[in-house]
Each structure stands twice: as structure tokens, then as C-alpha cells.
There are 2 protein chains.
Amino acid sequence: MNLYETLAADIAGQVARGVLLEGERLPSVRQASQHRSLSISTVLRAYSLLESRGVIESRPQSGYFVRIRPRSGAALARPAAGPALQAPALVLSSEVDVSRLVLSTLRTIRTLNAVPLGSPYPDPAPFPWPRISQYANAIARRNQQWNMMDDLPPGNPQLIRQIARRHMENGLAVDPSEIIITVGATEAINLCLQAVARPGDTIAVESPTFYAFLHAIERMGMRAIEVPTDPREGISIEGLRGILAQQRIAACMVMPNFQNPLGFQMPDERKRELVELLSQHDIPVIENDVYNELYYGDSHPTCLKAYDTKGLVLHCSSFSKSLTANYRIGWALPGRYTAQVEKLKFLNTLTTPTLPQLAIADYLQNDGYDRHLRKVRKGYEERARMMAAAVLRFFPEGTRVSEPQGGYVLWVGLPGGVDAMQLYALALERKITVGPGHMFSARGSYTDYIRLNYSYPWSKETEEALRTLGRLVEDLLGASRP
Amino acid sequence: MNLYETLAADIAGQVARGVLLEGERLPSVRQASQHRSLSISTVLRAYSLLESRGVIESRPQSGYFVRIRPRSGAALARPAAGPALQAPALVLSSEVDVSRLVLSTLRTIRTLNAVPLGSPYPDPAPFPWPRISQYANAIARRNQQWNMMDDLPPGNPQLIRQIARRHMENGLAVDPSEIIITVGATEAINLCLQAVARPGDTIAVESPTFYAFLHAIERMGMRAIEVPTDPREGISIEGLRGILAQQRIAACMVMPNFQNPLGFQMPDERKRELVELLSQHDIPVIENDVYNELYYGDSHPTCLKAYDTKGLVLHCSSFSKSLTANYRIGWALPGRYTAQVEKLKFLNTLTTPTLPQLAIADYLQNDGYDRHLRKVRKGYEERARMMAAAVLRFFPEGTRVSEPQGGYVLWVGLPGGVDAMQLYALALERKITVGPGHMFSARGSYTDYIRLNYSYPWSKETEEALRTLGRLVEDLLGASRP
């Protein structure tokens, strides 16, 4: 190909891929010549070629534009911007790639408008969007210059102060200089784990466990050991004691409040026992407390951090479940590992964007966070009961459900060893998503469990989806019988 | 301590640490009782105790407030919000902790208002703040709900399209489905390295090399091998060939355009040779191209990606040097490793905040990015010459300077083996920062080099600072002579 043909092929390719939309202007001949180090005449020949092929058109005094093509349909709709979404990849091998599974579930919800029972995220509708946007807007309007020096780790001082105050209001006195702002709790968990353990180390987790813990452990070349976990009281202290007597554990990772997927709240006494046991062995514990604000009881649950006397609890949390997910603001309180986590934050992403930090700080300082949360909690608590009742009604005998004390997910045990990945695949065909139990264990346990999200408003569609799921479980149960 | 005394001590502590500011309202007695699961009378006793000690005061019909204390000074200034900044830690051991050094330099610039010659970041003043803020503002005003499903990896589709268009304008045809949005180039570099290499692997880097590469390599338990690098032409292809003949290299990490700290632009022919050599050995190369838009020549430099035929180039970039740093928007074009990097992005930080992505997308689509860049480039090119001339004028004989072809840093070789960490320490006492050469090598090379930032407007203060640095170098030189 000549230079001009190459250029023409490039541009045609960009049009085909939707990088250049119909009706949009191309770079001027001079610009293109400069940017690509081509002669003016080469660019002109390329543009002429494209024009003769009907890809672009020249408009006098204006330049070259991507040609708008007549369509067969009535409306002349613009193609959707951006790359086409991949079709959800279905993973059915014994080695379930959990992150792919989660991503493909979410994409399915979006592209097929599927019923979001399989989503790990809360319905964003109840988030106080008008208020948060108003603060973001006011910050943008102030139009100040921000310097990279301003919000270096540990993070924006205003937000840090507001987080310290919130902890105090919830009964936990924290030293603000211990708070490190992160990109969601996900980054906080990753950094905390890297601060306390090394490749090859063994990390004790609940069973079932929140899959992001398993991801973090696997990504860093560590190993998970799964400790029996009571669906009402949390990780077995006795089980953990037994493991500690036999092998070295580098750290423990738990969700003491409204664990995903079980939904329990560890009783205070057990929280204290857990911290004491680990402290005796000088083992750090990473606690993921992102559901803390979503309790159904009378008051905020305590966290492990409240029982920590040796700086061994690394507390992680975020606003993604309680206030706004897309702002991606989380934090860590890493106890005696604060300096390491701060350094790792700097190495991992340098800083967290300023605008989202300030918007949340202003909201917390000036607005009705508690009022918002009261409303959300009430809705979740109601729907927890409705979802459990509907599952028990529509699913075959032998189905078991959890009794969440907070949060927005229900854990469902399927009868007769029905395989949750099979259910996942069949449900997907009917535009319904579920969270297969396979995701919650590195040992292949919980293959006959699913997790259901009840943060969305209850509707006829929800009920119909649960009825369909019940029928699918029944079919799978029938097929597995001799 | 009794319960009420504990509560009182907690609150007093929060006041002392600045979590509760003077004049601010405490939680009501009922709130505090609920949140902390204490009886009303316990809270009342704690508040009375604090009142008797003068920490808080009650105001009729309003509640309890932190008492405002009279100050000795004239003005009744509020204390600065947030945690106190740590005093800059001075590292002078042979094992320089580079990330601490960078952090402490930046904090010094901020707290002491020191001369920012040691900063790695560009002066934010020329960033088009009013325009970017205007887009952020318009997005916030639209007040739409965002769903976590919207901007999952690879990222926001609008921004991805704009980045693909920008690459096309700069002469590189990219497939938009290869673009993955990250939290700055820092995250992109970390994810790309993790996608192509494992702990224990050896990574070839330039010498001197950009320290963030060394950080990433060290953090993942890999080893760096430093390849001789020409201050004008870049990494030695021959040197690299020699290394490849002797040992296994898992990947190569380079900055072909306006390398930090040398400032060279690799000639096109050498870029092509480098990619061909590595392709022959099937070795991936991570290219950090964050300074691409800051060229002094007539047109955009090409990048390694342009010569890639096998999908082995992982291109990383960001808007942090050219448009806005605090929005923290970067991206990767990971070639054949796209699926892995996308998955790692999901595991590392889930998604990148939506608002900054959209604001930048709108700016790129509607505004004068090229006009802004032309202005910035002109300023940098001028100051490169001024800074070099001033250094050669004020520093002792034997001092050498680089000839940057783009970007905003100058590399200065000190005469007679003067130690840059000693200069760093002495300069700090005079409120001047410099970037010691120690940061740019894992082998302890370049201890007699410094990096200077010339992105800030030239001023009497700059000139005075350079004069002072010159005198300090002279003193150190004298002291080292017998």
C-alpha cells in the first residue's frame, strides 16, 4: 500500500469502528499532514480516495466530514458510541473464573436489561444524587486550581476529617492520621493485604467468603484457608484456634458485619474473642466493613477495630454501598501498618481524584446522611423478608435461606445438590441473573448455593423472575434424579 | 474508667485531634446514646463532665457545642482542618526509600512553600481549569443516576472513543476495544507489568530509569536489569541484545518520548529496531508515553505501539501531564494482553470514577485541547533553554545538563562526584527542593545527578534558587577536596 492508501484505510477503519461518528469533522488536511508527518498532497489523495468511496464528504468552507449514510429503518439513529460490548462469556468449567463471571453478569444486566438478582451492587436509585451532584457542581463552579501536592496520600484533609467524625458518631474514636483514602474498599483491601503478607503466605478467610478476598489473595500469590463460618454468628473461633495450633497464618480477612453472602452480624462478644485470639498470636486481621451503615437493628454494629488494642486490625470501608458507588471513595484504617499502606497507595494509584473526595466531604458535612440511610435501611429490611418468603414459596422443598441482619443479599441453599452454574446458564437465557455459590470458595464448595440481590424495588418482574428460577431449580432437580 | 468517663475521654480526644472543631455541635444526647448503645444518663454525665472541664458548652434549645477558646494572638483563627502534616522525613541512608523521598519532597513544597524544582509534577496553573470545571459542572448539573454497570472495565465508552480519536489524530490507528481506562498512568503501568511478568522475573529498564518503573518492579517481587541509555537516542539496542543473548528477560519498560529524567526522544528508526528486536524474542514491552503531547518539535512523536505487529507493546498514558492531574485519568493499550489487564483493573480498583472520565471526554470532544497544548509546549521549550543556561552559569565548572526534546525536566550532572542527597538536604534547609539522582537507579548509580522541574513560570525566585544551589554544589565540592 502507498502512504495515501494506508492513511485512507486507517480512517475508514476508524469510521467502521465508530471512533469517528457519522457527520463528524475530520482533522483538516494541514493538521493531518502535520500530525502524521505526511505531505499535504498525500493527505489530499487519501481524502479524495475516501470521498470517491463514499466514506467521507467535503463541504465547502468547512472541511471533510464522515458521510451520513441513509438507513433502511425509519429513524436516522446514530450508532451507539463506543466499542460494542462483548457478549457475556459463559464459564462452565470446573475452574470458574470468578472475576470474568462477575463482569459478564454485570454486562448481561446492562445489555440485555436482565433482572439484576445476580448483581453485587446496590440499586443506585436511592442514592441522594441531587444532593451529591449539587456539591460536585458547586466544587466545579469554584473553578480552583488543584495541585498534586494537595491530596497526596493519605488523602484530602477535609474528607479525612469527615470520615473520622462519622466513625466517632458511630462510636469509634479514631485518630484521623490513621485514615488513608483509597479508590473504593477494593483498593483498600488489596493494599492492606499486601502490607501484612507475602507471596506464599496463608490467609484465613470465612467460608463462604466474599470473593474479592479470594481475588486479592490469589493475585498476590498467597493461599486461602477457609474457616467454618456460622450463618448467624460468623467465623468459628474454635475452628480458627485449631488451625492456628497447626500452621502459620499470615493474616485473617473477615466481614464481621452483614457478611457477603451470609448477611450475619457477629455478636460483640465473638468480635472481641476473635480479636483477642489473633492478638495473642500477633496476627493482623483485615476487616471489610462496607455494609456497616446498612444495619437493620437499633444501632450501628461495632467493628473489630473497636476491640483492637495492639494496632493489628486493618479496617476497610467505603461509601460505595451507602452513598454513591461511582465516586469510588473508600478508606483504610491500617493500625500499626499505616505507614506501609500509605506508601503502597502512593505506588498503586498515586492519589485518589480530588473532585469526588471533596463532593463527599461536603455532603457529609452539610447534608442528611442519616436521614438518607434510615430510608434505605427500612427498604432493605422489608425486602429481605419479602425475598426470603418468595424464595421459600416458589423454590422446591429443601431450599434454605439466610436471615440477613443488614445489607442487601440473600444466600439460598438449593435442594438436592442442584448445580448453581447450570442454574446460572439457564436463568441467563431467560434474562435473569443470579450469583452462583461457586464464587464464594476457592475449594469448590457452595456449588449448590446462589446469592440474590434485593436492593432493587420489589416488583411483579422480581416475583416473576423468582417464580421462573424456582421452576428451573425444579427442572434441574428432576433431571438429576434417576 | 466508668462508661461515662470513657465517653468523655473519647470526645475530648476528638476535640484535641481536630476531628471536632471549635464551635461545632456534638451529636445530641439521644443520638449518642443510640449510636454507642449507652443509656441516656451515661451520655448526660459524660457531657456534664466535659462541660465542667470547659471542653464543651451547652446552648439552650440548641444542644452541646465544642467550646471556643480564647487565643493569645489577635485573630481568632480556626485551626487548619485535618491531620497535621508530618514533618518531612530526611532519608540519608544508602538504601534510599524513593517513594518516601518523593512524598516528603512534595510535602515540603506544600508546607514550607519551598521552590518546587524537585517536584515530578507539572505546574497546574496552565491546565485549562475553567473549561474542565465547566464540563464537570454541567455533568453534575445533569444529576443523572450512575450505575456501577455503566463504567465497568474497560471504562466509560465516551472517553474511550475520545482517546481513540486522539490517537488517530496523532497518527496511530487503535482499536477502541483495546483501550482500558485506569487511575492515572501509574495504575496502567502496574497492571501491565503484572499481566506480563511474575515474581522473580527480570525486567529490562533504561538507565537512568523513571523510578515508578522501579517501584512497580520491586513491589511485585521482580528484578530490574539496567540497560545503558544514551541521553539523546535512548536505550542501547546493542546493550539490550547482549543481555538477551545471556539471560531470560520477561519484559522491557521504557519511555521512548521525553524520558524522565533524560528528556530524549528516541529516533523513529531506533523505536522500530527496539520493537523488532523484542518481537524476535517474543518479549513484551511496556511503554510509558505520558509526555507525548509535550513535544518541542514540529509534530507528535511516534510511539513504540506504531511499530508493533505482534501485539507485544503495552502502551500506557494519561492526561495528568497534559490536561489535569487531579482527575487521575490514564489508560492502557495492552495489545495481546488486553483481556488480562482488563481483569486486573477490575481486581485492583473495580472501576475508575465516572465524573472525571465524563468531564475529560466532554472537554476532548468540544474544546481546544490543541490550542491549550500549543501554549504549554511553547512555554516549556523556552524554559528548558533558560534553566539549562542558568545552571551552567551558576553551577561550578564540570556541570553537565541534558537537552530535553519535550516534557519539563532537566537532568544535571554535578561535578567532582558531589553527592546529590547531601545537596538535597542542604537545599531543603534553604526551602529549595531538587530530585536526587539516587531515585533513578536500583544499583545506586547517578548519586551525582539531580533532576530539576522547569514547568513553573520563570521568576527571580527561580534564578535565586539556582544561584543558591550552585553555591551549595561549590561548597560540597570544596569540602570533598583534600
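Note that the structure is a prediction, hence the values are computed from the model and not measured.

### Things to note about the environment of Ser317(A)
Residues and elements named next belong to chain A. By secondary structure assignment, the location of Ser317 is in strand β9 (residues 313-318). Between the C-alpha atoms of Ser317 and Glu463, which are 146 residues apart in sequence, the distance is 32 Å. What Ser317 contacts, discounting residues up to four positions off in sequence, is Ala185, Asp289, Val290, Gly330 and Trp331. Separated by 3.4 Å, the side chain of Ser317 and the backbone oxygen of Asp289 make a polar contact.

### Remarks on the interface of chain B and chain A
In this assembly, 96 residues from chain B lie in contact with 96 residues from chain A. Roughly 9,100 Å² of surface becomes buried between chain B and chain A when both sides are summed, with 59% attributable to carbon and sulfur atoms. The tally of links between chain B and chain A comes to eight salt bridges. Across the pair Glu24(B) and Arg165(A) runs a salt bridge, and its minimum N-O distance is 3.1 Å. The tally of links from chain B across to chain A stands at 27 residue pairs in polar contact (both at pLDDT 80 or more).

### Examining the relation of the copies chain B and chain A
Relating one copy of the chain to the other takes a rotation about an axis and a shift parallel to that axis. Once chain B has been moved 0.0 Å along the axis and rotated by 180°, it coincides with chain A to within an RMSD of 0.1 Å. Taken together, the rotation and translation describe the operation of a two-fold axis. It is Asn137(B) whose C-alpha, among those of chain B, lies nearest the rotation axis, at 2.4 Å.

### Considerations on the pairing of strand β14 (residues 449-453) of chain A
Strand residues, when the strand is regular, have side chains that alternate between the two faces of the sheet. Residue and element names in this part refer to chain A. Burial analysis of β14 places five of its five residues in the buried class, which makes it a mostly covered element. Strand direction decides the pairing type here: strand β13 (residues 435-436) and β14, joined by two bridges, are antiparallel. Counterpart to Pro436 in the pairing with β14 is Ile450.

### Re the side chain of Arg270(A)
Residue and element names in this part refer to chain A. Inspection of the secondary structure puts Arg270 in helix α10 (residues 268-280). A polar atom in the side chain of Arg270 sits 3.1 Å from the backbone oxygen of Ile235. With residues near it in sequence (within four places) discarded, Arg270 still touches Glu233, Gly234, Ile235, Ser236 and Ile237.

### Observations regarding helix α15 (residues 460-480) of chain B
All names here are of chain B. The first and last C-alpha atoms of α15 sit 30 Å apart over 21 residues, in line with the 30 Å expected at 1.5 Å per residue. Among all positions in α15, only Thr462, Ala465, Leu466, Thr468, Leu469, Gly470, Leu472, Val473, Leu476 and Leu477 are buried. For α15, the elements touching its buried residues are α13 (369-394), α14 (420-429) and β14 (449-453).

### Regarding the pattern of salt bridges
Scanning the entire structure with this criterion turns up 48 salt bridges over all chains. For Lys345(A), the salt bridge identified is with Glu187(A), shortest N-O distance 2.9 Å. In this pair, Lys345(A) is assigned in helix α11 (residues 338-349) and Glu187(A) in helix α7 (residues 184-196), connecting sequence segments 158 residues apart. Each member of the pair, Lys345(A) as well as Glu187(A), is classed as buried. The structure contains a network of salt bridges with shared partners spanning Glu24(A), Arg161(B), Arg165(B), Arg166(B), Glu169(B), Glu293(B), Asp370(B) and Arg377(B).

### Description of the packing of helix α6 (residues 157-169) of chain A against helix α12 (residues 354-366) of chain A
Residue and element names in this part refer to chain A. Look at α6 against α12: their axes get within 8 Å of each other, and the N-to-C directions meet at 40°. By the criterion of interaxial angle, the relationship of α6 to α12 is oblique. In this structure, the crossing between α6 and α12 has a hand that is left-handed. When α6 is examined against α12, the residues Gln158, Leu159, Arg161 and Gln162 are found in contact with a partner set consisting of Gln357, Leu358, Ile360, Ala361, Asp362, Leu364 and Gln365.

### Things to note about the packing of helix α7 (residues 184-196) of chain B against helix α8 (residues 211-219) of chain B
All names here are of chain B. α8 packs onto α7 with a crossing angle of 45° between their chain directions and a minimal axis gap of 10 Å. The angle between α7 and α8 falls in the class oblique. Note that α7 runs across α8; the crossing there is right-handed. On the side of α7, the interface is formed by Ile189, Asn190 and Leu193, while α8 contributes Phe213, Ala216, Ile217 and Arg219. In terms of residue class, the contact of α7 with α8 is built from five nonpolar, one polar and one charged.

### Description of the environment of Thr302(B)
All names here are of chain B. Looking at the secondary structure, you find Thr302 in the loop between β8 (285-288) and β9 (313-318). Residue Thr302 is classed as partly exposed on the basis of its relative accessible area of 24%. Distance from Thr302 to Lys271, taken between C-alpha atoms, is 8.5 Å for residues 31 residues apart in sequence. Filtering out sequence-adjacent residues up to four positions away, Thr302 remains in contact with Asn257, Asp268, Lys271 and Tyr307. For Thr302, the side chain forms a polar contact with the side chain of Asp268, separated by 2.9 Å. Only 3.0 Å separates the side chain of Thr302 from the side chain of Tyr307, close enough to count as a polar contact.

### A word on the nonpolar core
Membership of the largest hydrophobic core comes to 296 residues, with the highest contact counts inside it found for Leu469(A) and Leu469(B). Setting aside its immediate chain neighbours within four residues, Leu469(A) contacts Leu117(A), Phe395(A), Leu423(A), Ala427(A), Ile432(A), Val434(A) and Leu452(A).

### Considering the sheet that holds β13(A)
Residues and elements named next belong to chain A. Pairing is antiparallel across the open sheet formed by four strands, whose spatial order is β11-β12-β14-β13. Only two strands of the sheet have a single partner each, and these edge strands are β11 (400-401) and β13. Bridge analysis of β11 against strand β12 (residues 409-413) gives two bridges, and the strand direction is antiparallel. Following the sheet pairing, Arg400 is matched in β12 by Gly413.

Reading the values: rules and limits
Residues numbered from 1 in each chain as written. Chains lettered and ligands numbered in written order. Predicted model: local features only at pLDDT ≥ 70, side-chain atom pairs only at ≥ 80, totals over all residues. Heavy atoms only, no water. Helix = DSSP H or I, 4+ residues; strand = E, 2+ residues; numbered from the N terminus. Contact = heavy atoms within 4.5 Å. Polar contact = N/O pair within 3.5 Å; in protein donor to acceptor, adjacent residues only side chain to side chain. Buried area = accessible area lost by both parts, 1.4 Å probe. Salt bridge = Lys/Arg side-chain N within 4 Å of Asp/Glu carboxyl O. Least-squares fit on C-alpha atoms with pLDDT ≥ 70 in both. Buried < 20%, exposed > 50% of the residue type's maximum accessible area, 1.4 Å probe, protein only. Pairing = 2+ DSSP bridges. Expected span 1.5 Å × (residues − 1). Axes fitted to C-alpha atoms, helices over the stretch in contact; angles between N-to-C directions. Parallel < 35°, antiparallel > 145°, perpendicular 65-115°, else oblique. Left-handed = near helix turned anticlockwise from the far one by under 90°. Nonpolar A, V, L, I, M, F, W, Y, C, P; charged D, E, K, R; others polar. Core = buried A, V, L, I, M, F, W, Y, C linked by side-chain atoms within 4.5 Å.

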